[in-house]
Amino acid sequence: MKKSEKLEVKSEKEDQVSSFSLPNSKFLIPPLRFPEFRGAEEWKLKKLSTSVQLVSGMHLSPEQYGKEGAVPYFTGPSDFTNDPKEITKRTGDSTSLAQANDTLITVKGSGVGEIWFLTLPSVAIGRQLMAVRSVDAASRFISHFLLTKRSRFEGLAAGNLIPGLSRGDILDIEAPFPPLAEQQKIAECLSSVDVLMAAQARKVDALKTYKKGLMQQLFPREGETQPRLRFPEFQKTGAWKLGKIGTMLVETQRPIELSDAAEYRLITVKRRYGGLVSRGVLKGREILVKSQFVVRAGDFLISKRQIVHNACGLVTQELDGSVVSNEYSVLTPKPECSIEFFSWFAMQPAVSTSFMNCSVGIVIEKMLFKLPSWLKQEFLFPSLAEQQRIATCLSSLDALITAETQKLDALKTHKKGLMQQLFPSPEEML
């Protein structure tokens with residue numbers, strides 16, 4: 001959407017006039033219209049089947065896959081994240097080919113309702129997918145409209161033993177259609193936001209990739225005594241020193257006697273270094289496990305039964321004063337340890353392996369972490385000054401990723417709001 005273009009909201013008075021003049025008709029006006037369409041004919045409600053046709057996917061056995069040069073065979077969401085040239089499953093069968101400008105919908109399996117607009121010349125589609133092809137409407141307009149129906153598709157599929165959508169679930173939808181020129185204008189507007197979102201998503205992904213590579217450079221590789229990348233002031237300080245984790249951290253217990261009437265925030269640790277989150281606030285009498293400990297901002301928390309899945313992390317300032325049960329190990333730094341550095345250090349593959357090695361049990365979900373054994377594990381550590389420098393660098397990069405992710409979320413919210421305004425409301429479509 002160009003900066004010079006503006007959208008105009010219809011007035012309450014105009015709403016009343018439209019409703020009064022056509023009391024028994026299925027004619028609609030969206031809350032937001034481009035200036036050139038103000039006063040144009042109302043939108044008309046009709047079944048999607050009047051403006052699109054469906055192309056069903058097909059099932060291919062491995063022996064039916066074509067040779068090099070055949071079209072790629074798409075079976076689900078993961079195929080859309082790869083370069084079509086790298087898709088190994090291909091077919092020369094010309095039935096069930098989706099074409100450029102088709103909208104693809106996942107109609108079978110756990111991903112029911114996922115929607116993409118196809119820009120490739122042609123792809124063969126598996127039976128998990130269905131292509132919606134425009135007949136007399138703007139293709140991207142149809143695609144954006146279908147996105148507003150995703151929750152409906154998910155709801156229809158949820159009642160089935162195997163989640164799935166029928167052709168009728170799609171074709172029987174009543175869709176509001178403005179004149180073709182307005183369809184194209186709306187599609188251009190929303191597609192321009194999609195372009196911004198895609199660019200922002202690439203920026204976030206690039207930052208995450210950069211962070212991953214940087215972490216690999218800032219910590220020594222297996223068999224090496226110093227990292228490949230060091231800040232200038234530490235380049236001549238020599239190898240990192242071998243030391244036990246117990247020289248860096250100490251277990252710290254702050255037991256608390258729960259009061260029945262007092263309120264306490266409980267927290268838990270997410271797997272795969274996902275950080276700490278609140279489990280809610282409960283009164284003392286509602287907490288079943290009475291053996292609770294207070295945690296403070298900067299504590300390093302380990303879930304004894306989930307650490308095999310890397311459930312550990314720092315207590316944030318927002319969660320300061322929360323309580324945890326004795327199912328958690330609470331660790332604080334010794335003088336020569338930067339706890340922020342240690343939280344990054346703990347994400348190294350060798351440390352992850354040590355979590356597993358220091359847990360006992362036969363079934364992985366019931367393994368129990370043995371802290372004393374882990375504190376004896378030896379690793380290479382830099383000086384406190386270098387620890388702090390590494391932590392500051394990675395934390396700054398993390399903050400940048402968070403900020404850019406928030407921008408992406410803001411664009412998604414903006415698009416959602418635009419779609420709610422550019423299409424007639426669900427109440428009007430009843």
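Please read these numbers as outputs of a predicted model, since none were measured by experiment.

Taken together, the four strands give an open sheet; going across it, the order is β15-β23-β20-β21, and neighbouring strands pair in antiparallel fashion. In this open sheet, the two edge strands, each paired with only one partner strand, are β15 (249–251) and β21 (312–314). Strand-to-strand twist across the sheet, computed as the mean angle between neighbouring axes with direction ignored, equals 30 degrees. Sheet analysis places strand β20 (residues 300–303) next to strand β23 (residues 328–333), joined by four bridges and oriented antiparallel. Opposite Ile302, over in β23, you have Ser329 as the bridge partner.

One pass over the full model with this rule turns up 16 salt bridges. Between Arg150 and Glu154 there is a salt bridge, with its nearest N and O atoms 3.2 Å apart. Here Arg150 pairs with Glu154, and both are found in helix α3 (residues 150–158), just four residues apart, close to one helical turn. With its nearest N and O atoms 2.8 Å apart, the salt bridge here joins Asp398 to Lys211. A residue pair is termed long-range when its members are at least 10 positions apart, and Asp398 in helix α9 (residues 384–422) and Lys211 in helix α5 (residues 180–218) qualify at 187 residues. Exposure remark for Asp398: the relative accessible area of 27% places this residue in the partly exposed category. Because the salt bridges share partners, they merge into one network encompassing Lys203, Glu404 and Lys407.

Our next topic: the sheet that holds strand β10 (residues 115–117). Overall, antiparallel pairing links the four strands, which are arranged β5-β12-β9-β10 in an open sheet. In the strand order of this sheet, the two ends are held by β5 (52–56) and β10, each with one partner. Averaged over neighbouring strand pairs, the angle between their axes works out to 25 degrees when direction is ignored. As defined by bridge partners, β5 adjoins strand β12 (residues 129–134) across five bridges and the pair is classed as antiparallel. Bridge pairing in β12 links Ser56 to Met130.

This part is about the confidence of the model for the protein chain. When the pLDDT values of the protein chain are averaged, the result is 87; 86% of them are 70 or greater. In this model residues 1–26 is a low-confidence stretch, pLDDT under 50, and it forms 35 contacts with partners more than four residues away in sequence or in other chains.

Moving on: the environment of Asp409. With respect to the helices, strands and loops of the structure, Asp409 is situated in helix α9. For Asp409, a relative accessible area of 38% puts it in the partly exposed group. Linking Asp409 and Gln200, residues 209 residues apart in sequence, is a C-alpha distance of 9.6 Å.

Taken N-terminus to C-terminus, the directions of helix α2 (residues 139–147) and α5 make an angle of 65 degrees; their axes are 8 Å apart at the nearest point. When the axes of α2 and α5 are compared, the crossing they make is left-handed. The residues of α5 that touch α2, namely those facing Arg140, Phe141 and His144, are Gln183, Ile186, Ala187, Leu190, Ser191 and Asp194. In terms of residue class, the contact of α2 with α5 is built from four nonpolar, three polar and two charged.

Procedures and definitions
- Residues numbered from 1 in each chain as written.
- Predicted model: local features only at pLDDT ≥ 70, side-chain atom pairs only at ≥ 80, totals over all residues.
- Heavy atoms only, no water.
- Pairing = 2+ DSSP bridges.
- Helix = DSSP H or I, 4+ residues; strand = E, 2+ residues; numbered from the N terminus.
- Axes fitted to C-alpha atoms, helices over the stretch in contact; angles between N-to-C directions.
- Salt bridge = Lys/Arg side-chain N within 4 Å of Asp/Glu carboxyl O.
- Buried < 20%, exposed > 50% of the residue type's maximum accessible area, 1.4 Å probe, protein only.
- pLDDT = per-residue confidence, 0-100.
- Contact = heavy atoms within 4.5 Å.
- Left-handed = near helix turned anticlockwise from the far one by under 90°.
- Nonpolar A, V, L, I, M, F, W, Y, C, P; charged D, E, K, R; others polar.

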